[in-house]
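# Topology and contacts: notes
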Amino acid sequence: MNTFEFPRSVRLLSPGDFSQVFNNTEFKASNRYLLVLATPSKSGDSRLGFVIAKKHVKHAVQRNRVKRIIRESFRLNQHQMANNDFVILARPGISDLENGEIREMIDGLWFKLRQSNGKRPNKNKRK
């Protein structure tokens, strides 16, 4: 049975976790306001981290709102995705969007990642 929780174990917390995703990105999905980077997880669970700069989203209230919406979407979709570590990067203008628009965008990006995840390059393939 799937649990729809968001415990500490499904969060990217350390700088090493983030650099692992940035240095070994295998999958990307983006739109005008969001970029999602993904790499296979070594922890056995899908994990999520955020990079939402004050430069792009000025007020803490807005940054927290964006993170809350994306976190909820991840929580509901994590069981449909392969075990990857995800980093979400926010781009300028995302704070001007309504909650429903942000939710539709991130759900669309999760869908793109699920589609591309099945096309993972086989690095161990013999020639």
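Everything here concerns the structure above.
Quick look at the structure, then. Numbering of residues starts from 1 in every chain and runs along the sequence as written. With pLDDT at 70 or above as the cut-off, local features in this predicted model cover only qualifying residues; side-chain atom pairs require 80 or more to be listed or tallied, and sums for whole chains, interfaces and linings still use all residues. Computation of side-chain values covers all heavy atoms of the structure but excludes hydrogens and water.

### A closer look at the overall build of the protein
Going by this rule: A run of DSSP states H or I qualifies as a helix once it reaches four residues; a run of E qualifies as a strand once it reaches two. Both are numbered from the N-terminal end. Residue exposure (1.4 Å probe, protein chains only): buried if accessible area is under 20% of the type maximum, exposed if over 50%, otherwise partly exposed. Contact between two residues is taken to exist if any of their heavy atoms lie within 4.5 Å; hydrogens are not considered. Accessibility throughout is a Shrake-Rupley quantity obtained with a 1.4 Å probe, and a residue counts as covered only by protein chains that appear here.
Across its full length, the protein holds 3 helices and 4 strands. Here the protein holds 127 residues, and the buried ones make up 39% of them. Long-range pairs, those at least 24 residues apart, make up 80% of the contacts in the protein between residues at least 6 apart in sequence. Accessible surface, the protein: about 7800 Å² in total, of which carbon and sulfur atoms supply 48%.

### Observations regarding helix α2 (residues 60-77)
Heads up, the condition is: Every helix has an expected span of 1.5 Å times one less than the residues it contains.
Taking 1.5 Å as the rise per residue, α2 with 18 residues should run 26 Å; its terminal C-alpha atoms sit 26 Å apart, in good agreement. Along α2, the residues classified as buried are R63, R65, V66, I69, I70, S73, F74, R75 and N77.

### Remarks on the side chain of S46
To keep it simple, the criterion reads: Polar contacts, as used here, are pairs of N or O atoms within 3.5 Å; protein pairs need one atom able to donate a hydrogen and one able to accept it. Residues neighboring in sequence count only if both atoms are side-chain atoms.
Inspection of the secondary structure assignment puts S46 in the loop between β2 (34-40) and β3 (47-51). Within polar-contact distance, the side chain of S46 engages the backbone oxygen of A82 at 3.0 Å. For S46, the side chain forms a polar contact with the main-chain nitrogen of N84, separated by 3.5 Å. Excluding residues that lie within four positions of it along the chain, S46 makes contacts with V10, F74, Q78, M81, A82, N83, N84 and F86.

### Let's talk about the sheet that holds β3
What counts, and what does not: Criterion used throughout: strands pair if DSSP finds at least two bridges between them. Think of each axis as a best-fit line through the C-alpha atoms, taken over the contacting stretch in the case of a helix, with angles from 0 to 180 degrees between the N-to-C directions.
Ordered by their spatial adjacency, 4 strands build an open sheet running β1-β2-β4-β3, and the pairing between neighbours is mixed. Edge positions in the open sheet fall to β1 (27-30) and β3, since each of these has one partner strand only. Mean inter-strand twist for the sheet, computed between neighbouring axes without regard to direction, equals 15°. Of the strand pairs in this sheet, β2 and strand β4 (residues 84-90) are connected by 7 bridges, and their pairing is antiparallel. Residue A38 lies in a different strand from β4, and its bridge partner there is F86. Each of β2, β3 and β4 is contacted by α2, which is oriented at about 160° to β3, the strand it contacts most.

### Quick word on the nonpolar core
Soluble globular proteins tend to bury their nonpolar side chains together. Heads up, the rule is: In this description, a nonpolar core means a group of buried Ala, Val, Leu, Ile, Met, Phe, Trp, Tyr and Cys residues linked to one another through side-chain atoms lying within 4.5 Å.
Counting residues in hydrophobic clusters, the biggest one holds 28 residues, and the most contacted among them are F86, I88, I94 and W110. Take this core: its biggest share by element is 6 residues, from helix α3 (residues 99-117). Sequence-distant contacts of W110, defined by excluding residues within four places in its chain, comprise V36, L48, S73, F74, N77, M81, F86 and I88. The next biggest cluster of nonpolar side chains, apart from the first, holds 7 residues, and it includes V21, L35, V87 and L89.

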